[in-house]
Amino acid sequence: MKPYSITHRLITTVLLVELVAAVSISGAAMLYERHVRFRSFDIMLRGRADSLLGAVQDAEDTADNVMLDGTEASLPQEDIYQVEDAGGRVLGHSQNWTGMPASPTGKFFRASAGGKHYRALRIEGLRVVDPGDKGGGIPRRVTIFYGAPTERVWSEIWEAVAFYAATSLGLLAISGMLIFLLLNRGLAPLRELASEAAGVSVESWNFIPPERARMIRELAPLTAALETVLAGLERSFMRQRQFVGDAAHELKTAVAVLKSSLQLLTLKQRTALEYERGLERCQLDCERVEETVAKMLTLARAETNTTPSSAVADLDQCLRQAAQQFESIAELKRQQIFVMGDGPVMVEAEPEQLQLLCGNLLLNALQHSPAGFPVRAWVTQDGTRAELAIEDDGEGIAPQDLPHVFDRFYRGDPSRSRKTGGTGLGLAICKAIASRWHGTIEITSDLGIGTRALVCLPSASVKVAVRH
Amino acid sequence: MRVLLVEDEVRLAENVASALREGPIFAVDCAEDGLTGLHLAENPCYDLIILDLMLPGLDGMSVLRKVRARGDRTPVLILTAKSEAGSIIALLNAGADDYLTKPFDLGELIARAKALIRRGKGAADPILRLSDLQVNTVEQSVHRSGKPVDLSATEYRILEYLIHRPRVIVSKRELLEHLYDYNWEHHSNVIEAHISNLRRKLEAATQQPSIETIRGRGYRLL
């Protein structure tokens, strides 16, 4: 699509419409003027022809002929005429009469003489010779051809049309300029809005739409949309920046640990046993870096929707597999994982991700409850939604930490989590997976009583039934 | 010398503490959160505080401000993962003496720690001199009248502490507090033996008296 200007389009459209109107008015005016002027011209023509008939008189000869008596000389000089009697004898004609057009049809006809155009009239006249005689005299029929030049009429018509056309064109120019000015002024708030929006960058998110833009009904939706979009972008940009900063901090710390472990070994000569122990520790530090990186990648994958958009998994089975996976860890602290549920609960999600979600929640529950305390997990189905609940009797989460538990790298008690090997990404991954499959996750906790994680996912049972 | 290390990353704290104990033979106390760190720093026995910025309980910046607000002049070295100029300027303006960004070099950390302690005690030259006695804090070697004096690690540390405070009476408790970490009281009996060994080795070269014992008050390096 070619770029174009709404202003120019509007102005062009309006001017075109006006031009068509001007042309129509001029055309109509011409038709009307021609009609009116030629009607009066015809009346004049008939009057002059009648005066010419008045000039036809008895010739006072033996044959009782008629003749022109000479009064016809008072008719306008530029007119043409010819008078014939019934026998075709020419009684007289004007000096500039050059003859009849080939075949005059109708009452009025066109004629030309001496380079001029004439409109001519043909009338039949009757002159009675000797009306006082017995029998009422002798009727003599005459035919009168009378024409007058149309040049002046036409010039009057053209003058009138020219006046109308000139007036219309003048109005056209004035209205064009007015529209341009008005549109320019009317669009000023749009330009202000654009320049304000152009000032927004990742460095300065400050966007204050001009007050005028807010007050204009056509611009208000655009302004509101811009504000909403920018606010959303700013939030997500800040979240990303926070994540990058946190990730950098996390990795720098992990690398600092590894580097210092290695440098400590080279600080002085050591025994083989010391080196061996040092290397073992370095390996553990390395594993921690590895775990952090792996979790960050898992989170990134869960958040970027690269997995297929449709998959079906049995939530109950995923939970059981995850529980099995952590059985040995649970045994270390004499903990038990109770999994409850009656049969498969199909949800729309990828099995691997679902298992990761269950595993993370189970591991959290195990790590945050004291030795010997059980962890309970169950899956239920409620109409179109499947629910997964994981509950522990641990120390709980402090109310001030509860709103942040899903934040990336957030640790309620950093030093404690670091000792237990937490990266602060587990719950963020859970949240990303739940959101990825159009579900929700929430955590409720009472200090000293326990914590419960509740995941809701759209059930896939309907679709599965259809497929089978 | 005794150092307070406030760092929540346990493995890093372990490594730094080991390096400081092995390299310049400092006594090191560790705190894992800001509040404990602030509490420990109240004790005037520290010659240097190494402070991490991201701490649970109370962040490093607040610890630093509170330490400075109560008039503590102990040098503070900050460990930070942030390397933006703005945050470093804010740190130095809040009273930090130096900073290191993670991941740092342990050798550099030790060198900076030594320099900060030296500066904190008013010395610029790493080679400390008092009349005919010369202590090289880099090589950890001691010369008297040009002749090398061979000292044990503890003897060297006692001498290093005393030479920073020439001709001042240093109490036994002060000496203990600056040489050993929180369980210094266990070493209180052996300090006299170390002093007497140190005195003997220093006087062997010149027959001149070196460390004076003032009964009930402490020791003085002449």
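Just so it is clear, the model here is predicted, and its values are computed rather than measured.

Draft legend 1. Broad picture of helix 4 (residues 85-93) of chain B. All names here are of chain B. Along helix 4, the positions that sit buried rather than exposed are Ser 87, Ile 88 and Leu 91. Projected onto a plane normal to the axis of helix 4, the buried residues spread over an arc of 100° and lie on a single side. The exposed set on the far side of helix 4, more than 90 degrees from its buried face, consists of Ala 85 and Asn 93. Where helix 4 is buried, its residues contact helix 3 (60-69), strand 4 (76-80) and strand 5 (98-101). The positive-phi residue at the C-terminal boundary of helix 4 is Gly 95, with phi of around 115°.

Draft legend 2. Expanded view of the side chain of Glu 391 of chain A. Residue and element names in this part refer to chain A. Here Glu 391 is to be found in strand 12 (residues 385-392). Using a relative accessible area of 17% as the deciding quantity, one classes Glu 391 as buried. A distance of 2.9 Å separates polar atoms of two side chains, one belonging to Glu 391 and the other to Arg 452.

Draft legend 3. Just the pattern of salt bridges, in detail. Tallied over the entire structure, the rule returns 35 salt bridges over all chains. A salt bridge links Arg 376 of chain A to Glu 391 of chain A, with the nearest nitrogen and oxygen atoms 2.9 Å apart. Of the two residues, Arg 376 of chain A sits in strand 11 (residues 375-382) while Glu 391 of chain A sits in strand 12, which places them 15 residues apart along the sequence. Across the salt bridge formed by Glu 212 of chain B and Arg 220 of chain B, the nearest N and O atoms sit 3.0 Å from each other.

Draft legend 4. How the structure looks around the interface of chain B and chain A. Counting residues at the interface gives 23 residues for chain B, matched by 21 residues for chain A. In this assembly, chain B and chain A are joined by four salt bridges. In this structure, Asp 285 of chain A and Arg 11 of chain B form a salt bridge, with 2.7 Å as the shortest nitrogen-oxygen distance. For the interface between chain B and chain A, the tally reads 11 residue pairs in polar contact (both at pLDDT 80 or more). In terms of residue count, helix 1 (residues 10-22) of chain B provides more of the side of chain B that touches chain A than any other element does, eight residues in total. In terms of residue class, the side of chain B that touches chain A is built from 10 nonpolar, five polar and eight charged.

Draft legend 5. A look at the packing of helix 5 (residues 220-266) of chain A against helix 1 of chain B. The geometry of helix 5 of chain A relative to helix 1 of chain B is characterised by a closest axis approach of 9 Å and an angle of 30° between their N-to-C directions. In terms of their interaxial angle, helix 5 of chain A and helix 1 of chain B are classed as roughly parallel. The crossing of helix 5 of chain A and helix 1 of chain B is left-handed. Each of Ala 256, Val 257, Ser 260, Ser 261 and Leu 264 of chain A in helix 5 of chain A lies in contact with helix 1 of chain B, whose residues at this interface are Arg 11, Leu 12, Asn 15, Ser 18, Ala 19 and Glu 22 of chain B. For the contact of helix 5 of chain A with helix 1 of chain B, a count of residues per class yields five nonpolar, four polar and two charged.

Draft legend 6. Spotlight on helix 2 (residues 34-41) of chain B. All names here are of chain B. Looking at helix 2, one finds that the buried residues are Gly 34, Gly 37, Leu 38 and Ala 41. An end-on view of helix 2 places all buried positions within 100° of arc, on one side of the element. The exposed set on the far side of helix 2, more than 90 degrees from its buried face, consists of Leu 35 and His 39. Near the N-terminus of helix 2, the side chain that reaches the backbone nitrogen of Leu 35, with its oxygen 3.1 Å away, is that of Asp 33.

Draft legend 7. Structural view of the sheet that holds strand 6 (residues 116-129) of chain A. Residue and element names in this part refer to chain A. Pairing is antiparallel across the open sheet formed by five strands, whose spatial order is 4-3-7-6-5. Where the open sheet ends on each side, the last strands, each with one partner, are strand 4 (90-93) and strand 5 (108-113). For this sheet, the mean angle separating the axes of adjacent strands, direction not counted, is 25°. Where strand 6 lies against strand 7 (residues 138-149), 12 bridges are found, and the strand directions are antiparallel.

Draft legend 8. Spotlight on the sheet that holds strand 6 (residues 127-130) of chain B. Residues and elements named next belong to chain B. Strand order in the open sheet made by the four strands is 6-7-8-9, with antiparallel pairing throughout. Strands with a single pairing partner mark the edges of an open sheet, and in this sheet they are strand 6 and strand 9 (147-149). Shown here is a sheet whose adjacent strand axes are inclined to one another by a mean of 25°, direction ignored. The pairing of strand 8 (residues 141-144) with strand 9 spans three bridges and is classified as antiparallel.

Draft legend 9. How the structure looks around the packing of aromatic side chains. Residues and elements named next belong to chain A. On inspection of all chains with the given rule, the structure shows eight aromatic pairs over all chains. On the numbers, 5.5 Å between centres and 65° between planes, the contact of Phe 38 with Trp 154 is edge-to-face. Here Trp 154 lies in helix 2 (residues 151-186) and Phe 38 lies in helix 1 (residues 6-54), a separation of 116 residues in the sequence. Phe 38 gets classed as buried once you look at its relative accessible area, which sits at 12%. Look at Trp 154 and you get partly exposed, because its relative accessible area is 28%. Through pairs of rings, three or more aromatic residues link up here, namely Phe 38, Phe 41, Trp 154 and Trp 158. Sitting above the plane of the Phe 108 ring, Arg 119 keeps its charged end 4.7 Å from the centroid.

Draft legend 10. Local environment of a nonpolar patch on the surface. Residue and element names in this part refer to chain A. Taken together, the side chains of Met 1, Tyr 4, Ile 6 and Leu 10 define a hydrophobic patch exposed on the protein surface, amounting to about 510 Å² of accessible area. Of note, Tyr 4 is situated in the segment before helix 1. With relative accessibility at 41%, the residue Tyr 4 sits in the partly exposed group.

Draft legend 11. Inspection of the packing of helix 2 of chain B against helix 3 of chain B at higher detail. Residues and elements named next belong to chain B. One can describe the packing of helix 2 onto helix 3 by two numbers: an axis separation of 10 Å at closest approach and a directional angle of 20°. Considered as vectors, helix 2 and helix 3 are oriented roughly parallel to each other. Considering how the two elements wind past one another, helix 2 and helix 3 form a crossing that is right-handed. Contacts between helix 2 and helix 3 involve Gly 34, Leu 38 and Ala 41 from the former and Val 63, Lys 66 and Val 67 from the latter.

Draft legend 12. Just the nonpolar core, in detail. Leu 20, Ile 50, Leu 109, Val 142, Leu 159 and Leu 175 of chain B are the most contacted members of the largest nonpolar core, which totals 53 residues. If near-sequence neighbours (up to four positions away) are discounted, Leu 159 of chain B is found in contact with Leu 133, Val 135, Val 142, Leu 151, Leu 198, Leu 202 and Leu 221 of chain B. Judged by nonpolar contacts, the second largest core, of 48 residues, contains Ala 349, Cys 358, Leu 388 and Ile 441 of chain A.

Draft legend 13. Focus on the side chain of Asn 360 of chain A. All names here are of chain A. Looking at the element boundaries, Asn 360 is found in helix 9 (residues 351-367). For Asn 360, a relative accessible area of 11% gives the class buried. Within polar-contact distance, the side chain of Asn 360 engages the backbone oxygen of Gly 426 at 3.3 Å. Those residues in contact with Asn 360 that sit more than four places away from it in its chain are Gly 426, Ile 429 and Cys 430.

Rules behind the numbers
- Residues numbered from 1 in each chain as written.
- Chains lettered and ligands numbered in written order.
- Predicted model: local features only at pLDDT ≥ 70, side-chain atom pairs only at ≥ 80, totals over all residues.
- Heavy atoms only, no water.
- Buried < 20%, exposed > 50% of the residue type's maximum accessible area, 1.4 Å probe, protein only.
- Helix = DSSP H or I, 4+ residues; strand = E, 2+ residues; numbered from the N terminus.
- Arc of directions from axis to C-beta.
- Contact = heavy atoms within 4.5 Å.
- Polar contact = N/O pair within 3.5 Å; in protein donor to acceptor, adjacent residues only side chain to side chain.
- Salt bridge = Lys/Arg side-chain N within 4 Å of Asp/Glu carboxyl O.
- Nonpolar A, V, L, I, M, F, W, Y, C, P; charged D, E, K, R; others polar.
- Axes fitted to C-alpha atoms, helices over the stretch in contact; angles between N-to-C directions.
- Parallel < 35°, antiparallel > 145°, perpendicular 65-115°, else oblique.
- Left-handed = near helix turned anticlockwise from the far one by under 90°.
- Pairing = 2+ DSSP bridges.
- Phe/Tyr/Trp six-rings, centres within 6.5 Å; stacked < 30°, edge-to-face > 60°.
- Lys NZ or Arg CZ within 6 Å of the ring centre and 35° of its normal.
- Patch = residues over 30% accessible without salt bridge, like charges linked within 9 Å, V, L, I, M, F, W, Y side chains within 5 Å.
- Areas by Shrake-Rupley, 256 points an atom, 1.4 Å probe, with all protein chains shown as cover.
- Core = buried A, V, L, I, M, F, W, Y, C linked by side-chain atoms within 4.5 Å.

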